[in-house]
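# Commentary on secondary and tertiary structure
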Amino acid sequence: NEWYTPTRFLESAREVMGSIDTDPASCEVANKNVKAKTFYTEETNGLDKKWGGNVWMNPPYAQPLIYDFSSAIAEKYKSGKINQAIVLVNNATETAWFQCLMSQASAICFPKSRIKFIDENGKPGGAPLQGQAFVYFGENNEAFNKEFGSYGVVVYVKR
C-alpha cells in the first residue's frame, strides 16, 4: 500500500513553497526523500496533530482516510493554519474528497502521464491504473505553474 513519491516532484514542491515543513501522512522511509521537518505516520496519526508552515501530502488513497486527509488540509488552509500545500492524489475529479480539495485549492496540475512511484529502495515501482493530480494551496500560482507546468497542464481555480 505504500507508494513513494519520486524525488523530482518533491524537489519541485520545495522550489514552489520554499520548504516542506509538515507531511501529515508519511513514514520513516518516505521522509528520507520528503525531508519534512515534522512528519506523522500511521501510528502517530497526523489527523490528530497540529500541521504548520508548508505542507506536502501524498495521502493514503483508501476510504475513509483520503476523504479525512483531504477535508483536513482544505480546512487547515482555509483557516490559515498552514501557509501553502501541495497534495498528490489520483485525479478522481468526481469524488467528494477531490471536490473538497478543490473547494480551497488555488491551482492543479494534471500530469501528462501516470506517475511511476518508487519503492522503499528508490527504484521505480508500478504506476497506478489512473492518472494523478498535484493540487496546490497558496498564493504562488506563478511558481507552481513554472515548476509543475513541465509535468502537465496547470489549471487555476477561480472562485
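You'll find the structure just up there.
On to the pattern of salt bridges. Counted under the stated rule, the structure contains 2 salt bridges. Among the ionic pairs, lysine 37 bridges to aspartate 21, the shortest N-O distance being 3.0 Å. Of this pair, lysine 37 sits in the loop between helix 2 (28–34) and strand 2 (38–39) while aspartate 21 sits in the loop between helix 1 (7–17) and strand 1 (22–23), and the two are 16 residues apart along the sequence. According to the relative accessible area criterion, lysine 37 is exposed, its value standing at 65%. In this structure, the salt-bridge partner of glutamate 75 is lysine 81, at a minimum N-O distance of 3.6 Å. According to the relative accessible area criterion, lysine 81 is partly exposed, its value standing at 48%.

Before going further, it helps to spend a moment on the nonpolar core. Residues Trp51, Ile73, Val87, Val89, Leu101, Val135 and Phe137 are the most contacted members of the largest nonpolar core, which totals 24 residues. Listed by contribution, the elements that provide at least two residues to this core are strand 3 (54–57), helix 3 (65–78), strand 4 (84–90), helix 4 (96–102) and strand 6 (132–137). Among the elements that take part in this core, helix 3 stands out by supplying 5 residues, more than any other. Ignoring sequence-local partners within four residues, the contact set of phenylalanine 137 consists of Ile73, Ala74, Tyr77, Asn83, Gln84, Ala85, Val87, Leu101, Gln104, Ala105 and Ser106.

All told, the structure shown has 11 aromatic pairs when counted by the stated rule. Measuring from ring centre to ring centre gives 5.1 Å for tyrosine 136 and phenylalanine 144, while their planes differ by 15°; the resulting arrangement is stacked. Phenylalanine 144 matches tyrosine 136 in its accessibility class, with the two residues each being buried. What links up through ring pairs into an aromatic cluster is the set Phe9, Phe134, Tyr136, Phe144, Phe148 and Tyr151. Over the aromatic face of tryptophan 51 sits the side chain of lysine 76, whose NZ or CZ is 5.0 Å from the ring centroid.

A few words now on the pairing of strand 6. Working note: regular strand, side chains alternate between the two faces of the sheet. With 6 of its 6 residues buried, strand 6 lies for the most part within the structure. By the alternation rule, side chains of strand 6 split into Gln132, Phe134 and Tyr136 and Ala133, Val135 and Phe137, which are all buried. Strand direction decides the pairing type here: strand 4 and strand 6, joined by 6 bridges, are antiparallel. Residue pairing across strands places asparagine 90 opposite glutamine 132, the latter belonging to strand 6. When strand 5 (residues 107–111) meets strand 6, the two strands line up antiparallel, connected through 3 bridges. Across the sheet, alanine 107 pairs through a bridge with tyrosine 136, a residue of strand 6.

Cut-offs used in this document
- Residues numbered from 1 in each chain as written.
- Predicted model: local features only at pLDDT ≥ 70, side-chain atom pairs only at ≥ 80, totals over all residues.
- Heavy atoms only, no water.
- Salt bridge = Lys/Arg side-chain N within 4 Å of Asp/Glu carboxyl O.
- Helix = DSSP H or I, 4+ residues; strand = E, 2+ residues; numbered from the N terminus.
- Buried < 20%, exposed > 50% of the residue type's maximum accessible area, 1.4 Å probe, protein only.
- Core = buried A, V, L, I, M, F, W, Y, C linked by side-chain atoms within 4.5 Å.
- Contact = heavy atoms within 4.5 Å.
- Phe/Tyr/Trp six-rings, centres within 6.5 Å; stacked < 30°, edge-to-face > 60°.
- Lys NZ or Arg CZ within 6 Å of the ring centre and 35° of its normal.
- Pairing = 2+ DSSP bridges.

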